[in-house]
Amino acid sequence: MSVLQNTLIVLITLAGMEAFSWIIHKYLFHGPLWFIHKTHHRKQHTFFELNDIFSLAFAFAALLLMYKGREIFDYRFWIGSGISLYGIIYFIFHDGFIHNRFKSFKTSNTYLLGIRRAHKIHHKSLSKMPASEFGLLSASRKYFRK
Ligand SMILES: [Zn+2]
Ligand SMILES: [Zn+2]
């Protein structure tokens with residue numbers, strides 16, 4: 001496999017993860033798995049919340065794929081890398097930038113501010129329903145208008 005093909009696999013995995021997260025966030029986390037995800041919808045955030053097990057599950061899946069594909073760096077390795085990269089972006093974006101889990105940082109970037117506004121709207125809902133804006137890197141267009 002060429003560098004280009006491997007890069008494409010990583011990019012497609014990233015986009016796929018955003019779509020997949022959107023779907024499971026909406027239909028599982030705000031559905032049957034709400035009893036876990038609700039720990040992330042409390043007004044007061046604790047440093048560790050039960051909801052973090054979802055990140056751990058993704059990290060485990062990513063590592064497993066990378067491990068399986070490690071010998072010839074086949075597609076499994078690159079899909080695993082894509083999931084890991086998504087996890088890192090998620091961590092910086094969602095935990096760091098949106099929820100200030102470590103320390104706050106300032107920006108005037110329209111995209112970043114839009115994403116943060118949309119996710120704050122998602123968190124306005126302290127109950128299972130109704131909730132909107134399930135994406136992490138994507139949000140409704142209205143949030144990006146000045
Ligand atoms: Zn949620
Ligand atoms: Zn959140």
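Residues numbered from 1 in each chain as written. Chains lettered and ligands numbered in written order. Predicted model: local features only at pLDDT ≥ 70, side-chain atom pairs only at ≥ 80, totals over all residues. Heavy atoms only, no water.

Notes on the layout of surface pockets
Here is the rule: A 1.4 Å probe that fits into a set of points on a 1 Å grid over the protein atoms alone but cannot get out defines a cavity; an open set with protein on both sides within 12 Å along at least five of seven lines defines a pocket, and lining residues are those with an atom within 4 Å of a point. Grid points are joined across faces, edges and corners, and a volume is the space filled by probe spheres set on the points. Helix and strand definitions here come from DSSP, where helices need a minimum of 4 consecutive H or I residues and strands a minimum of 2 consecutive E residues; each element is numbered from the N-terminal end.
Here the largest pocket defines a volume of roughly 740 Å³. Taken together, 36 residues line the largest pocket, and the ones lying closest to its centre are Phe54, Ser55, Gly87, Tyr90 and Asp95. Of all elements in the fold, only α1 (3-29), α3 (52-68) and α4 (75-98) reach the threshold of two or more residues within the lining of the largest pocket. Ranked by the residues each element gives to the lining of the largest pocket, the list is headed by α4, at 9 residues.

Observations regarding the pattern of salt bridges
Inclusion rule: The salt bridge criterion pairs a side-chain nitrogen of Lys or Arg with a carboxyl oxygen of Asp or Glu, the two atoms within 4 Å. A simple rule labels every residue: compare its accessible area, found with a 1.4 Å probe on the protein chains alone, to the largest value its type can have, and call it buried under 20%, exposed over 50%, or partly exposed in between.
Across all of its chains, the model carries 4 salt bridges by this definition. The shortest N-O distance in the salt bridge between arginine 101 and aspartate 52 comes to 2.8 Å. Separated by 49 residues along the polypeptide, arginine 101 in the loop between α4 and α5 (110-124) and aspartate 52 in helix α3 bring together distant segments of the chain. Using a relative accessible area of 17% as the deciding quantity, one classes aspartate 52 as buried.

Notes on the side chain of serine 81
Definition in use: The contact definition used throughout considers only heavy atoms, calling two residues in contact when any of these lie within 4.5 Å.
Along the polypeptide, serine 81 turns up in helix α4. Setting aside its immediate chain neighbours within four residues, serine 81 contacts Val10 and Met66.

Here we look at the coordination of the zinc ion (ligand 2)
This is how it is decided: Note that water is not among the atoms used; donors are N, O and S atoms within 2.8 Å of the metal (3.2 Å for Na, K and Ca), so sites may look incomplete.
The zinc ion (ligand 2) binds to the protein through His40 (NE2), His94 (NE2), His99 (NE2), His119 (NE2) and His123 (NE2), with metal-donor distances spanning 2.0 to 2.2 Å. Each donor residue of the zinc ion (ligand 2) belongs to the same chain, and together they define the spacing H-x53-H-x4-H-x19-H-x3-H. Of this pair, histidine 94 sits in helix α4 while histidine 119 sits in helix α5, and the two are 25 residues apart along the sequence. We classify histidine 94 as buried; its relative accessible area is 2%. Looking at histidine 119, the relative accessible area reads 6%, which means it is buried.

With respect to the packing of aromatic side chains
Rules: Note on aromatic pairs: the rings of Phe, Tyr and Trp (six-membered ring only in Trp) are paired at centre separations within 6.5 Å, and the planes decide the class, stacked below 30 degrees, edge-to-face beyond 60, tilted for the rest.
Under the counting rule described, the total for this entry stands at 9 aromatic pairs. Consider the rings of phenylalanine 73 and phenylalanine 77, whose centres lie 4.7 Å apart with planes at 90°: the pair is edge-to-face. For phenylalanine 73, a relative accessible area of 43% corresponds to the partly exposed category. Taking the relative accessible area as the measure of exposure, phenylalanine 77 reaches 15% and is therefore buried. Plain terms: the ring middles of tyrosine 111 and phenylalanine 144 are 5.8 Å apart, the flat faces sit at 15° to each other, and that makes the pair stacked. One end of the pair, tyrosine 111, is in helix α5; the other, phenylalanine 144, is in the segment after α5, with 33 residues separating them in the sequence. Cluster of aromatic residues (ring-pair linked, three or more members): Phe93, Phe97, Tyr111 and Phe144.

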